[in-house]
Structure formats: structure tokens, C-alpha cells
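Now for the letters of each chain:
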Amino acid sequence: MTTKRSSPLVTALRQGAIAGGVAVLLTLMGMVEAFNERDIVQGVISLGILLLVAIYVVFGSTTARTLPETRASVRLGASALAGAIGELFLVGLVILGQQVNLRPVFPNASPELWELLQFGLSAPQSYLAMLSFGAVFGALGAGLTLVSRRYRGPVIVGVVCVVLIGLLDDLIGITIASNPMFATSPVVDTISQFFFAQGVESGLSKAGAMVVFLVASVLAYQWPSLRRGARSRTQAMPAGRQHTLALGLYGLFVVILLILPNFLGPYLTDVSNSVMIFTLMALGLNIVVGFAGLLDLGYVAFFAIGAYTMGVLTTTAVGAESGQIVWGPGLTFWSALPFAVLFSLTAGVLLGIPVLRMRGDYLAIVTLGFGEIVRILALSDALKPYTGGSQGIVEPAIPTLGRLTASLSSQGLYYYLLLACVGLVIFVAIRLRDSRQGRSWMAVREDEDVAQAMGVRLVSTKLLAFASGAAMAGLAGAVFASKVGSIYPNSFDLLKSINVLAIVIVGGMGSIPGVILGSLVLFGLPELLREFSEYRYFVFGAVLVAMMLTRPEGLWPSSKRKQELHETFGPESEPRSQVLTTPGGAGSE
């Protein structure tokens, strides 16, 4: 069977049309104009222009990869053509927008946007500049595919580092200014002036961007050889010395985590706390979805149960005159915390019992309904005397850490509490994953019928997965209620379940480090870039689609799942037949 290959011209036209459609969509959504407010490198490139550059580089690279058997010059030409065609769509949009008032339909279609797209030039020179812009970066995308992976990786790492540091320059400046150790240091001030733009400008300076790019690229280039050298030297050590070295590295990592709030400042510490709350939830959902393969869309219900348990048991705003609820024992945070975890765990078992025979879509629908039931019950008038209804519960207890409480800020107090919770949950998750129970979960995930035939008890296996995940979500909910200082039903909508599920998928289902990385990328980064928060869910969707198409195993997959998704077959892409042979059995000689 032969596969019909497209000609370079047809491929360029197709990829260019898609790139143009994406560019027009993002432009009319207002992303290009809004992102243009932020400079990445002072006076060189803004985030809005970088967005267009990324589109043409990606589609130029795709065009070149679609033509693997053609000459390099043909691939470069086809990619440049694809980029020019993509930019041709924007030229058409500019001409249309200057002739017809598009603002009644597209509010972002303003004269300022046309000027931005034309790089401040007048027609017809601007049109030629726009087409050249698309062609150059389309060809650049092809060029990246032509160079060796050994060089391509460091270049991409260097560019990503420049973009990230350029984006976060304001935050870095605020962090330095809020820390007395850095704010008064002339060395830090000199370094800051060298790397970052001064005055009203933002982003990296030109020299700073160059240094960041070179340092990041050289480190990324040297990283494989450095890692190999370190590994070979470590393997040459005696076993006892290897163990001591590992303990030392773990200890150093813990020390860095413990002193980190002293350098982060109040805002970044608070963002870290929010990331760790989502990490706790994602670690629990990773057991349910990643280990056991049970799709749970109502996971936020357990988070809500933990939060409401903490609120009801510890609030001091009780009674018709002072609060919204009529009963509350007034426990301390530490006394109420086990109840929050226990009630969430019990809810997980109760949910697990009726859904034991369900799989896939049916299980997702039932759990989705459970999540909504819990939210609506908390909102209902019938339970308002006990949950506060739409007015919620206020003044839950805050944790105390003995003498440390007085010396810590509110952000620092929750930082150390959440750090301990995350460490405990990671330890439990690792032990469960490597236990007999963990192997049973993975067997159920791969094939439930085969797992049952091999002796796995489906009832206890599924119930334990739901209970473990629910307990971790309850723990996160209890700390969340105390940290925020109030509990409202609208804080536990379906979107939270979707966000946590996205963290698990993007990070890598079944991978504990992947879940932590997913929390940082999908929750930490948007928190740091709140000025673009209106595009958060659009970006979420785009990232999920891109991940499923290009890297379905996630950013940091587990070795098992990576092996499953990238299992290689024979040279003709046909599965190799494998015959399991047993002595004296079929297939043995």
C-alpha cells in the first residue's frame, strides 16, 4: 500500500492557510494588541509580535517536517511560502479593516491594531514588510528542523529563558525591592540595571537578553555531557558513599525549600501556596485517574467537603447575630483537620460503591453529577443554617505552629504547612505506587477484565483509589479554607475539577514529578501573569490540544506510560507478532 504525498506547493498552501487562520483569530480576539503592551526585549520585540513569530515558526517547521524526502532548499522555500501566505491573511484583514468598520462585530478591530500589524509603516511598503516578516520566520521554522537536535534543543531553551525572564521582569523587580537584603545591595542594583530595561520600558535589555540566551544555551548544550560525567563518577563510588551523596542532595534540596520564603517575598510566597494547594489536589487525582484509570470529573466535591468541614468545625462566626450558621463546636485547626480528611475519605468510599461497575464515559458523568450535587447542597436554603448557603462560612481557624507562629508572616505560615502536606502526600503516593496496591491499580487501568481474571479484587481496588484521592483533596480543601478565610459554594464549581484534571494530563498521568510540573505551568505561570487572565482558559484549551497531538504522555511522563505510548514496532510499522513460550507449552520448540 502506497501513501500519496503532497507536493511542496500544496503543503505550503495548506499550512499557510491554517497559520493565517490562527493569526487572524488571535488578532481579532485582542491577544496580539493586549500582549503588545509587554516588551520581551526592550525596543526589539514585544509579546504580541512574539505571538505572531511563534505561529509562523511552528507552521514553517511543520511544513518542513511534512516534506522529509525533498531537498533542504525546497523545504526552506515551502516554509517561507507558508509563512508569507499566513501573513497574507493579516494583510487582507488590514485592508478590509481600513475599508469597513469591523468594530460592531469585532471590538478589538481598531486603527491601533492595524498600525501595529503594519509595523507603523504606510501602505504599500507595510504590506511588503508583513509578507517578508511571515516568510522569514516561516523559513526560520524550517531551519530549526534542518539543524541537528543537539543544537536545536539549546537554541530553543535559550529563547524560552529569554521570554520567561523578559515576561517576569516586573515581578523580579518587585521581589528585589521588597527584600531588604537585595534592595540595599549595590551589586544587585548593578546587575538589575544591566539585565533589565530602565524607566518606563519593560523587559530585558538587549545586552541582558544576549547574556541570558548564551548562558542558557551553553548550559543546555553541555547538560548531557555534564549529566553523563556525574552519573559515571557516581556509579564508580562505593555503595555507602553513593547513599551518603544522595542523602546530602536531598538535604540540600530541603534546606533550599525551607529558606525560600526569605528570598521570594510576600507575593511569590502566596503564589507558591496556591500552587501547592493545587498540587495536593492533583496528586490525589493522579491516584484516581493516573494510577487506577478512573475518570473523575467531580473531584472538586471532596475538596469542598474538606473545606466545609474545616469551616463548620472551627468558625467563630456562629449564631443568628454574629454569623451565617447556627451551630459550630469551635475546634482548633489541628483538631478539625483529621475530621476534614476523614469526611472526605468517607465521601470517596460512598461515591465509589455505586460506580464500581461503571467505566469510561459513564463513570465521568456520574462523578460530574456528584460534584454538582455537593455544590448545590451547600448552596441550598435547606442546609443554609449549617453551610451558610450563598453567604458561605467566614472566620475559619488558622493553624498555629507554637513559637514559630509569632515570627512568621501569614504567607510564611501557610508555606511551611503546605510544604509539609505536599511532602507527606508525595511520600504516601510513592509508597502506594510501588506497593502491591499500586500494581493492582495499574492492572485495572490497563484492562479491568484481565486484572480481575488475574486475581485483582476490583471492589477494594477501586474503593481505595477513590478514598485515597478524596482524602488528599479533603486535606487541600481544609488548608484552602483556613488560608482564604472564607468558604463560598462558587469556589467549588466544575471548572476547578477541569483545572486539576488538566494539570494531571499536561504534567503526565501517573507521574508524580509530572503533576508538580503541571501545577507550576498551568497554575503558577498564569498567576504570575494575571494581566492576561482573560485568555487563560483559551490558552488552557490550546495547550491541551497541542499536548494531545504532539506529546500525549505529558511534560514529565512516567517511564511506564512513555514506553506504552512510544512503543516501536517493526520497520514496516506493522506490529511484531509475539508468541509467549512456556516449557512444554504451545510455541515451544
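Quantities reported herein were computed from a predicted structural model and do not represent experimental measurements.

Side note on the overall build of the protein chain
- What the protein chain contains, in helices and strands, is 26 helices and four strands.
- Computed over its C-alpha atoms, the radius of gyration of the protein chain comes to 28 Å, within 12% of the 25 Å expected for a compact globule of 589 residues.
- Projected onto its principal axes, the C-alpha positions of the protein chain cover 80 × 75 × 60 Å.
- When burial is assessed residue by residue, the protein chain has 43% of its 589 residues classed as buried.
- For the protein chain, the proportion of contacts with a sequence separation of at least 24, taken over those separated by at least 6, is 75%.
- For the protein chain, the exposed surface amounts to about 30,900 Å²; the carbon and sulfur share of it is 66%.
- Placing the 38 positive and 33 negative side-chain charges of the protein chain at their respective mean positions leaves the two points 11 Å apart.

What to know about the layout of surface pockets
- One number sums up the size of the second largest pocket: a volume of about 1,300 Å³.
- As for the second largest pocket, its lining consists of 33 residues, and the residues nearest its centre are Phe-253, Leu-257, Leu-419, Ile-516 and Leu-520.
- Only helix H8 (169–178), helix H12 (239–259), helix H13 (261–291), helix H19 (410–433) and helix H24 (512–528) provide two or more residues apiece to the lining of the second largest pocket.
- Its residues assigned to classes, the lining of the second largest pocket comprises 28 nonpolar, four polar and one charged.

Topic: the side chain of Thr-269
- Relative to the elements of secondary structure, Thr-269 occurs in helix H13.
- Residue classification places Thr-269 among the buried residues on the basis of a relative accessible area of 3%.
- Filtering out sequence-adjacent residues up to four positions away, Thr-269 remains in contact with Pro-261, Leu-264, Gln-411, Gly-412 and Tyr-415.

Some details on the packing of aromatic side chains
- The full count for this structure, using the stated rule, is 17 aromatic pairs.
- Here the aromatic rings of Phe-303 and Phe-492 are separated by 5.7 Å at their centres, their planes lie at 65 degrees, and the arrangement is edge-to-face. Of this pair, Phe-303 sits in helix H14 (residues 300–314) while Phe-492 sits in the loop between strand E4 (486–487) and helix H23 (494–507), placing them 189 residues apart in sequence.
- Residue classification places Phe-303 among the buried residues on the basis of a relative accessible area of 1%.

Here's the deal with helix H16 (residues 360–379)
- An ideal rise of 1.5 Å per residue puts 28 Å on 20 residues; H16 measures up with 29 Å between its terminal C-alpha atoms.
- Buried positions along H16 lie against H14, helix H15 (333–352), helix H17 (384–387) and helix H22 (458–484).

Focus on unusual backbone geometry
- Looking along the chain, the bond that leaves Ala-123 and enters Pro-124 is cis, with omega of 0 degrees.
- With respect to the secondary-structure elements, Pro-124 resides in the loop between helix H5 (111–117) and helix H6 (125–146).
- The backbone of Phe-119 sits at a positive phi, close to 60 degrees, despite the residue not being glycine.
- Mapped onto the elements, Phe-119 comes out in the loop between H5 and H6.
- Look at Glu-395: it is not a glycine, yet its phi comes out positive at around 60 degrees.
- Relative to the assigned elements, Glu-395 resides in the loop between strand E3 (393–394) and helix H18 (404–407).
- Look at Glu-395 and you get partly exposed, because its relative accessible area is 45%.

What counts as what
- Residues numbered from 1 in each chain as written.
- Predicted model: local features only at pLDDT ≥ 70, side-chain atom pairs only at ≥ 80, totals over all residues.
- Heavy atoms only, no water.
- Helix = DSSP H or I, 4+ residues; strand = E, 2+ residues; numbered from the N terminus.
- Rg over C-alpha atoms; globule rule 2.2 N^0.38 Å.
- Buried < 20%, exposed > 50% of the residue type's maximum accessible area, 1.4 Å probe, protein only.
- Contact = heavy atoms within 4.5 Å.
- Areas by Shrake-Rupley, 256 points an atom, 1.4 Å probe, with all protein chains shown as cover.
- Lys, Arg positive; Asp, Glu negative; His and termini not counted.
- Charge placed at Lys NZ, Arg CZ, Asp CG, Glu CD.
- 1 Å grid on protein atoms, 1.4 Å probe; cavity = no way out; pocket = protein on both sides within 12 Å on 5 of 7 lines; lining within 4 Å.
- Points joined across faces, edges and corners; volume = space filled by probe spheres on them.
- Nonpolar A, V, L, I, M, F, W, Y, C, P; charged D, E, K, R; others polar.
- Phe/Tyr/Trp six-rings, centres within 6.5 Å; stacked < 30°, edge-to-face > 60°.
- Expected span 1.5 Å × (residues − 1).

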